[in-house]
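# Examining the three-dimensional arrangement
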Amino acid sequence: MNRLETYEQVVGHQEITRLRYLAQGLRGARVVHVNSTRTGGGVAEILSWMVPLMRELGIDAHWEVITGPPDFYRVTKAIHNNLQGLPVPLKDEDLQLHRDVNRDNAEKLALEADIVIVHDPQPIFLPEFTPKNRVKRWVWRCHVDASRPTRRVWKHLESAINRYDAAIFHMAAFTRPLPCPMFLIPPSIDPLSDKNCPLPEDERIETLRRLNVDPDRPLLLQVSRFDRFKDPIGVIQAYRLVKPYYPDLQLCLAGGPADDDPEGPEVLREVMEHAGSDRDLIVLMLPPNSHREINALQRSATIVLQKSLREGFGLTVTEALWKGKPVIGGACGGITLQVHDYHTGFLVYSPEGAAYRIRYLLRYAEKRQRMGRTGHEFVREHFLLTRHLRDYMIMLMCVTQKDKARIPTPFAA
Amino acid sequence: MADNRVEPFEVKDCSLARFAVGRSCSSLRELLDAIRTVPEAVIEHHMMRCALEDHFELYEFPNDFARWCWGPLGEHVLGERLALIDPYRHRDIAGLRTELANVVEDHLWHLDRVPYCRPGLELHLVGSRLVSYDTGERITTPVALAEAIPRLSRRSLFYHVHEAWRRSGRSDDFSAWLEKHPGHEQLAQRIRSIDFHFLNLSQLRRELIEVFREYLPEKGVVPPA
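Being a predicted model, the structure only gives us computed values, none of them experimental.

## Re the pairing of strand β3 (residues 113-119) of chain A
Within a regular strand, side chains alternate between the sheet's two faces. All names here are of chain A. Of all seven residues in β3, six are buried, a share of seventy percent or more. Here strand β1 (residues 30-35) runs beside β3; their pairing, made up of four bridges, is parallel. Bridging across to β3, His33 finds its partner in Ile117. The pairing of β3 with strand β4 (residues 135-141) spans six bridges and is parallel. Across the sheet, Val116 pairs through a bridge with Trp138, a residue of β4.

Here it is, written out as structure tokens:
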């Protein structure tokens, strides 16, 4: 059985038929994805299933990764933060390093393709340094909220973006006027991956014990990188506001390192300081491949939190909903597409708001279960990888077609 | 029994390529300006294709403009007036655009100040391109169509009802096909008269199932809604 047939058991025959039909128009097209890491973070996870599935559908898909010195990742992390509106100082030589590493990679990477999809700002200058005849179409995939970037970084990136034939954003609120069509494609999860597949009960229990989580007591969980935008300190504050009412309550903050995130250790230190000596507050720095551990934690949670202050899409929310958990999420970014008050969880705006909703859901078990069921079906319909793949194929068809002018650009509108 | 004189019903499916146009509205004046100037695909998306994106039975109103005016803008009267506009009664988007602009301008005309929404609650304008395709499924009898309704995708329902009205201006695909079968004219008429303007796609499916159950009452033909 190939991978698509396996997914058919989850998403149904119609969805797979739809994919095969759409793929006919793209058979043999060479599509290259480029990002900055093979492990850690949502982009690498998406590419690890998308590329093989595209190949299975007859698309000649490949995945290239740009590399650079350690300083490059510090600079691109700062650019990433600035793109999301958090001012982080950058020197002129930092921006020059960004361009130089892109120039070096343009020579090294196998970029000959009908379409190259560049993910996030790290490899964004590749079109400038790639000979024109090697790539027919360039598409920039932005995975973060780029609606309010700092001016300096936007000016730095704008010259690169102008060379693209199309851009993709998660949602309209994340966009800025660009001189190319801006497709809207929310990301997705893989229901059969180690992180999302059903787990044997004994494995789940054994994993919890190994991670020092009590399987018999209520558990709050936030899974995310140790990043200030994820507000781990706010989560601890919310937990402490609820703890007097539910003394059995546990909080687990689980994250992992990513190759392209040098700020993680510093934020982790801050979290550990706030956690203090509370034995019911478990902070886990898990290795990048701890997918089954994350799976076990999410399946064991009573309530999942994602109290972000800024968020790209929030795939951890999708994962939790898929596992039938109500989610209390910060009202930002893609979380607002997934968390709908009283249907799949609650949107909150403060640690106090999170604490209030935690108490509410701990009080009403039946409401938790009903929200969990609703969330699972909501994800099946909108946020599984098959929908994501379908959106990509439709985008590829639109970009390669000669009448692409039918997708208006802001400046043509 | 299949009527050999009638072509089988071809089940189609569709998907949307959604795109941003880089504009958002935070005031009623900006909405009026947008309605007058955005590409037709944006009007079409916010007035018709938004039905494809409704998952929960959350919404009182059937289009994005009415929802935004009622909610973030707090203009309840205008929300009600926009909700009543039936986009499928217009032969083209130009006519729909004119009616929308008239309603919004008339409302704005009588206000002392221009209403604004709070930051973060802007209406982000989106357009879409509909890509339709043949599923390969063929239905040869009205009974087989009745049996198929519960399992057709929501997108197929949208294509054969909403999009069919948009294409033809006079009918959905189901009733257009059914009326070619002698003895099923009443069933066709009943389906055509479903006021889908007020239904999301799950509700539409339930309504279709009820109509088929009423007209084809043979036991077991149509499973429960």
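Back to the text.
## Remarks on the domain arrangement of chain B
The domain architecture assigned to chain B consists of domain 1 (9-13 + 134-215) and domain 2 (15-127). Top contributing element to the side of domain 1 of chain B that touches domain 2 of chain B by residue count: helix α7 (residues 154-168) of chain B, with five residues.

## Re the confidence of the model for chain B
Residue and element names in this part refer to chain B. On average, residues of chain B carry a pLDDT of 91, and 93% of them reach 70 or more. Here strand β2 (residues 123-139) stands out as the least confident element of chain B, with mean pLDDT 91; helix α1 (residues 28-37) is the most confident, with 98. Prediction confidence for the complex, expressed as pTM and ipTM, is 0.85 and 0.88 respectively.

## Here we look at the interface of chain A and chain B
Across the contact, 29 residues belong to chain A and 23 residues belong to chain B. When residues of the side of chain A that touches chain B are traced back to their parent elements, those giving at least two are α2 (13-24), β6 (182-184), α15 (365-382) and α16 (385-400) of chain A. Classifying every residue of the side of chain A that touches chain B by side-chain character gives 18 nonpolar, six polar and five charged. Sheet topology note: the β6(A)/strand β1 (residues 9-25) of chain B ladder contains two bridges and is antiparallel. Counterpart to A:Met182 in the pairing with β1(B) is B:Ala20.

## Side note on α2(A)
For α2(A), spanning twelve residues, the distance from its first C-alpha to its last is 17 Å, which sits close to the expected 16 Å at 1.5 Å a residue. Within the sequence span of α2(A), burial applies to A:Glu15, A:Arg18, A:Leu19, A:Leu22 and A:Ala23. Seen from one end, α2(A) has its buried residues packed into an arc of 130°, which puts them on one side. Relative to its buried face, α2(A) has exposed residues pointing more than 90 degrees away, namely A:His13, A:Arg20 and A:Gln24. Buried residues along α2(A) sit against α1 (3-11) and α16 of chain A together with β1 of chain B.

## A few points about the sheet that holds strand β10 (residues 303-306) of chain A
Residues and elements named next belong to chain A. Ordered by their spatial adjacency, six strands build an open sheet running β9-β8-β7-β10-β11-β12, and the pairing between neighbours is parallel. The open sheet terminates on both sides in strands that have one partner only, identified here as β9 (281-285) and β12 (345-348). Across the sheet, the mean angle separating the axes of adjacent strands is 20° when strand polarity is ignored. When strand β7 (residues 219-223) meets β10, the two strands line up parallel, connected through two bridges. By the bridge assignment for β10, Leu220 is matched with Ile303. Most of the contacts of helix α12 (residues 315-322) go to strand β11 (residues 327-330), to which it runs at about 165°, and overall it touches β7, β10 and β11.

What counts, and where the lines are drawn
- Residues numbered from 1 in each chain as written.
- Chains lettered and ligands numbered in written order.
- Predicted model: local features only at pLDDT ≥ 70, side-chain atom pairs only at ≥ 80, totals over all residues.
- Buried ≥ 20, exposed ≤ 12 C-beta atoms within 10 Å, placed from the backbone.
- Helix = DSSP H or I, 4+ residues; strand = E, 2+ residues; numbered from the N terminus.
- Pairing = 2+ DSSP bridges.
- Domains from an automatic or database assignment.
- pLDDT = per-residue confidence, 0-100.
- Contact = placed C-beta atoms within 7 Å.
- Nonpolar A, V, L, I, M, F, W, Y, C, P; charged D, E, K, R; others polar.
- Expected span 1.5 Å × (residues − 1).
- Arc of directions from axis to C-beta.
- Axes fitted to C-alpha atoms, helices over the stretch in contact; angles between N-to-C directions.

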